[in-house]
Structure formats: structure tokens, C-alpha cells
Amino acid sequence: MQKFLKSLGPVSAVIGAQWGDEGKGKVIDILAEHFDVIARACGGANAGHTIVVAGKKHVFHLLPAGSLHEGKPVVLGAGMVIHLPTLLEEIRTLKEAGMEIVPRMYISPAAHIVFDYHKEIDTALEHRRASEKGQGIGTTKRGIGPAYMDKAARSGLRMECLRWDEKILKTELNARLKSAKEMYGIAIDEDKEFNQLITAKKLLEDRVVSNTAHLMHEFLEKKRTILIEGAQATLLDLDHGTYPYVTSSFTTAAGALQGLGLPPRALASCIGVAKAYCTRVGSGTFLTEADEESQKRLRDRGGEYGATTGRPRRCGWIHLPDLKYAAQINGFDTWNITKLDVLDTEEKIPVGIGEKDGKAEYTYLPGWKTSTVGLQSFKELPKAAQDFISFIEEHTKIPVGLIGTGQKREDMIIKS
Ligand code: IMP
């Protein structure tokens, strides 16, 4: 482990290589202990990771998965869109478990606020897409797209507004609510929106820093190590993903650096996270999507239901050209292949290696038909499982440093 940690250097990013839900939370949880600062750069409450707090499972959407490590500064970067009631709820959950996170939170004034009306617009736009095009994007309906629309239109309210006088805040908010009502014909509870903002102001006003880019540079100067948590994943990136079936933020390593105000050369290492198979929630292309029966098996074994929406995830097989593509965009140094144990019962494992006439081309690797749950060393893995991992390394030209072998924190092989 020490050797692996040393190889990561002072600033490391954990980035999803597929369509999200790769299980980034676990590697982050393991690594966070060894870094000084935990930072999230982009996205909003569309993300979801399950965290066990005081023996109870909670799904967190905005706080980074590494926030549970006491005493570490937690940065919410400028690229984020923040739904305040959700953030307050997460803070409350931690408080009830005896953890006070507010004093160590550093929120960018440039992060945008997601209001409830953004969620209403998200739903309205999905309905419109469904009626006009036959299907929507399948968004999480968390208001993400509409909040980034306001950001791009330069009309959004940002976290800096928590420092404003209440009267000005009300005027500014009302102007936005009025135009949202006019444009989309949605019902808005104005008092509720304002009260939520004021509640957040009271608690978080002092945690909105003057500039997170300056803060990150201070951390660097003080030689603090920084772990950057990517949200969503490469194939959902607004520029490089499977547009239009993508999210509205920049989910790559470059996007994460941009979202935090860190220069590209600050990144010492980047861990690419990919499932040993593949899943997707929402609409859009999925070349290696499995047949019904295999999907059901993978879904049941892998617990493949959305942490944010509860939707059953579409399931299929790993597609190596996608992994190569993600590695090129992000500059991965190493892979974390997650949930290897989900494949334990497979007779043979389809591995996507290309595309012909719009269909996936597969190589079929032999299954290992024995439990790998809880294994912690590469040598202990059955030969067929080792070969599967080696196949990924050969095709992507990136070493596999970490292999997930179960749900528990310790179910992880550190291979390097
Ligand atoms: P939005 O981000 O809610 O606008 O959703 C756009 C697309 O990204 C939909 O297909 C969502 O299912 C997907 N998506 C957004 N966040 C996540 C995530 O954290 N994991 C997996 N899929 C996500």
C-alpha cells in the first residue's frame, strides 16, 4: 500500500471511465485517509455514494465520499452546482452521528445554486423531450442541466450570494423565479425557496471562501496533499461523452482541475475507475448491453440500482475501446477495476474489443466459477481472473493497481 500511495504523488484524481457508478467511493474512502485535503470539483446532487455512518447506510449526493475522515478540509469547487437543502440534510446526518463537518468545509463562491425550480424545469424538459423525440435523456431530475443552463446564460445565483444582505437576496431570487415561471409555466413556492436560502445562509455564510483557487494554491504551497473526487464519469462528459445522453458538467480530470482552479500540471496522478463489467442509467448508446437474462444476473449480483434515483441500471460487459478512450482523455496512470467478484459465477466473460456495423465485437474469456470475495492479493485470484485483469492491462496499456473484490472496505487487492 505504501508503495502505491507514494506513486500517487501530492495531487491525485479519481475519475470514472464509464457512465458513472463505477464504485469510486470505495477507493476514495481508502485513499482519503492518506491525503490532507478532500476536494470535489463538478456536478451536483445527481451523484450518489453510499456511506456507512455510525453503522447506518446513508446515500450522500453533494459531500465528497472522503468527507468522513475527521479533521480533513473538504472543498466544494467552483464547477459544482449545489442544492442547499440536500447539502444541509447531509450536514445534519453527519451531526447526528457526532460529526461536525461545517468548520472544515470550504465552499467556492463561484459554485452555482440549484433551486427547487431547477428540478421542476428538469422534469418539464424531460417531458418535452419524451413527447417530441419519443424519449428523454433519463436525467436524475435533480435540476442539474437547468442550473448549468443558468450558469452558461450568466444568470445563475452563486454561493457568493449567501454573503449578501437578505433584502438584496430576495430581490435577486424573485427576479429569477419570475422569469422561470414565465419561460416554463411552472409552479414555484417562492416563500419556500427563499426560506431555504436563508437557512443555508445562516449555517454556511462563513464557509463560503473568497476564492477556492487561491485556497487550493495555499494548500499546494504548504505541501498539503490533495485528493480530487471526480463525479459522474468520462462517458457522461458534456464535451467528450455520448452526447446528448450526458450530464451538463465536465467529468474528466481536466474538468476537475478546472472546477477547482488548479493548473493542469498540478495533477501528479490520475486513477481511472472502471467496473469489471459495465452499467448505465438513463438513455443513450450502450454497445455492450447484455441480453435480458445476463442483465438480470449482473444487476442482482452487483446490486445495480441507482443510488440517487433507485432506477434499475442497464447492465452489460466491459468495453475496452471505451476504457482506452477514457484513459487517453484523462491520462490515467493506473486502473481500479471494481466489483470483480460480480463476475464470479459467469461461465465465460464477454469482453468488448471493438465495433462493427454498430455492434460490439467480443472476445470471450473463460470464467473462474469460484468466489473471489474478500481476496486481498493478486496471487490468490484464480488464474482465469488474473488473465482477465492482464487482458485489460494489455489492451489499454495501463496497469491495474487496485481490484475490488467485494463490498467491504478491506475487499481490495493492491496489485502494484
Ligand atoms: P443529469 O446529470 O441528472 O442531467 O442526468 C444526465 C445523465 O447522466 C442521465 O443519463 C443520468 O442517469 C446520468 N447521471 C448523472 N449523474 C450520474 C451518476 O452519478 N451516476 C450515473 N449516472 C449519472
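Note that the structure is a prediction, hence the values are computed from the model and not measured.

Secondary structure assignment for the chain yields twelve helices and 16 strands. The C-alpha atoms of the chain give 21 Å as radius of gyration, which agrees with the globular expectation for 416 residues (22 Å, within 12%). Among the 416 residues that make up the chain, the fraction classed as buried is 56%. In the chain, of all internal contacts separated by at least 6 residues, the share reaching a separation of at least 24 is 74%. When the accessible surface of the chain is split by element, carbon and sulfur atoms take 50% of a total near 18,000 Å². Within the chain, one finds 55 positive and 53 negative side-chain charges whose respective centroids are separated by 2 Å.

It is worth spelling out helix α9 (residues 253–260) at this point. Burial analysis of α9 places six of its eight residues in the buried class, the great majority of the element. Inspection of α9 places A253, G255, A256, L257, G259 and L260 among the buried residues, and these make up the whole buried set. After α9 finishes, the residue G261 shows a positive phi value of roughly 80°.

So, on to the site of the ligand. The environment of the ligand is formed by 15 residues, the closest being D21, N46, T140, T247 and R311. Taking N46, its side chain carries an N or O atom lying 2.9 Å from an oxygen atom of the ligand. Contact between the ligand and T247: an oxygen atom at 2.6 Å from a side-chain N or O atom of the residue. The fraction of the free accessible surface of the ligand (470 Å²) that becomes covered by protein chains is 96%. Its residues placed into classes, the shell around the ligand shows six nonpolar, seven polar and two charged.

Let us now look at the packing of aromatic side chains. This model, assessed by the stated rule, comprises six aromatic pairs. Taken together, a centroid distance of 6.4 Å and an interplanar angle of 90° make the contact between Y106 and F219 edge-to-face. In this pair, Y106 sits in strand β6 (residues 105–107) while F219 sits in helix α8 (residues 212–221), placing the two residues 113 residues apart along the sequence. Residue Y106 is classed as partly exposed on the basis of its relative accessible area of 22%.

What follows concerns helix α11 (residues 320–330). Taken as a whole, α11 has its buried residues at L320, D322, L323, A326, A327 and N330. Down the axis, α11 shows its buried residues gathered within 155° of arc, on one side only. In this structure, the buried side of α11 is in contact with β1 (11–16), α9, β9 (269–275), β12 (334–338), β13 (348–356) and α12 (383–396).

It is worth spelling out the environment of D21 at this point. One can find D21 in the loop between β1 and α2 (24–32). D21 sits in the partly exposed class, given a relative accessible area of 26%. Other than its neighbours up to four places away in sequence, D21 contacts K275, T279, V281 and R313. Among the polar contacts listed, one links the side chain of D21 to the side chain of R313, at a separation of 3.2 Å.

The biggest cluster of nonpolar side chains holds 56 residues, and the ones touching the most others in it are I228, F332, W335, L340, L343, F388 and I392. If we skip the residues at most four places from it in the chain, L343 touches A276, Y277, L298, W317, I349, W368 and F388. Formed by 43 residues, the second largest nonpolar core is a distinct cluster that contains L76, L88, F115 and L204.

You can read the domains of the chain as domain 1 (2–108 + 211–414) and domain 2 (112–207). Centre-to-centre, using C-alpha coordinates, domain 1 lies 28 Å away from domain 2. Facing the 34 residues of domain 1 at the interface are 27 residues of domain 2. Each partner contributes to the roughly 2,500 Å² buried at the junction of domain 1 and domain 2, and carbon and sulfur atoms together form 60% of this total. Summed over the three residues of domain 1 that lose the most area to domain 2, namely V81, H83 and L84, the buried surface amounts to 24% of that side. On inspection of domain 1 and its partner domain 2, the count reaches zero salt bridges. At the junction of domain 1 with domain 2, the criterion picks out 14 residue pairs in polar contact (both at pLDDT 80 or more). Contributing elements (two or more residues each) for the side of domain 1 that touches domain 2: β2 (37–43), β5 (74–83), α3 (84–96) and β6. Split into classes, the residues belonging to the side of domain 1 that touches domain 2 amount to 19 nonpolar, 14 polar and one charged.

With an omega of 5°, the peptide bond between Y243 and P244 qualifies as cis. For P244, the position within the fold is in the loop between β8 (226–229) and α9. With a phi close to 60°, K223 is a non-glycine residue in the positive phi region. With respect to the element layout, K223 can be found in the loop between α8 and β8.

With that settled, the discussion passes to the pairing of β12. Of all five residues making up β12, five are buried, and the element is well covered by its neighbours. Note: β9 against β12, five bridges, orientation parallel. Paired with G272 across the bridge in β12 is W335. Of the strand pairs in this sheet, β12 and strand β15 (residues 400–404) are connected by three bridges, and their pairing is parallel. The partner of I337 across the bridge, within β15, is I403.

Next up on the list: the side chain of D411. Mapped onto the elements, D411 comes out in the loop between β15 and β16 (412–414). One buried charged side chain, D411, makes no salt bridge at all; its nearest oppositely charged neighbour is K408, positioned 4.3 Å away.

What counts as what
- Residues numbered from 1 in each chain as written.
- Predicted model: local features only at pLDDT ≥ 70, side-chain atom pairs only at ≥ 80, totals over all residues.
- Heavy atoms only, no water.
- Helix = DSSP H or I, 4+ residues; strand = E, 2+ residues; numbered from the N terminus.
- Rg over C-alpha atoms; globule rule 2.2 N^0.38 Å.
- Buried < 20%, exposed > 50% of the residue type's maximum accessible area, 1.4 Å probe, protein only.
- Contact = heavy atoms within 4.5 Å.
- Areas by Shrake-Rupley, 256 points an atom, 1.4 Å probe, with all protein chains shown as cover.
- Lys, Arg positive; Asp, Glu negative; His and termini not counted.
- Charge placed at Lys NZ, Arg CZ, Asp CG, Glu CD.
- Near = heavy atom within 4 Å.
- Polar contact = N/O pair within 3.5 Å; in protein donor to acceptor, adjacent residues only side chain to side chain.
- Nonpolar A, V, L, I, M, F, W, Y, C, P; charged D, E, K, R; others polar.
- Phe/Tyr/Trp six-rings, centres within 6.5 Å; stacked < 30°, edge-to-face > 60°.
- Arc of directions from axis to C-beta.
- Core = buried A, V, L, I, M, F, W, Y, C linked by side-chain atoms within 4.5 Å.
- Domains from an automatic or database assignment.
- Buried area = accessible area lost by both parts, 1.4 Å probe.
- Salt bridge = Lys/Arg side-chain N within 4 Å of Asp/Glu carboxyl O.
- Pairing = 2+ DSSP bridges.

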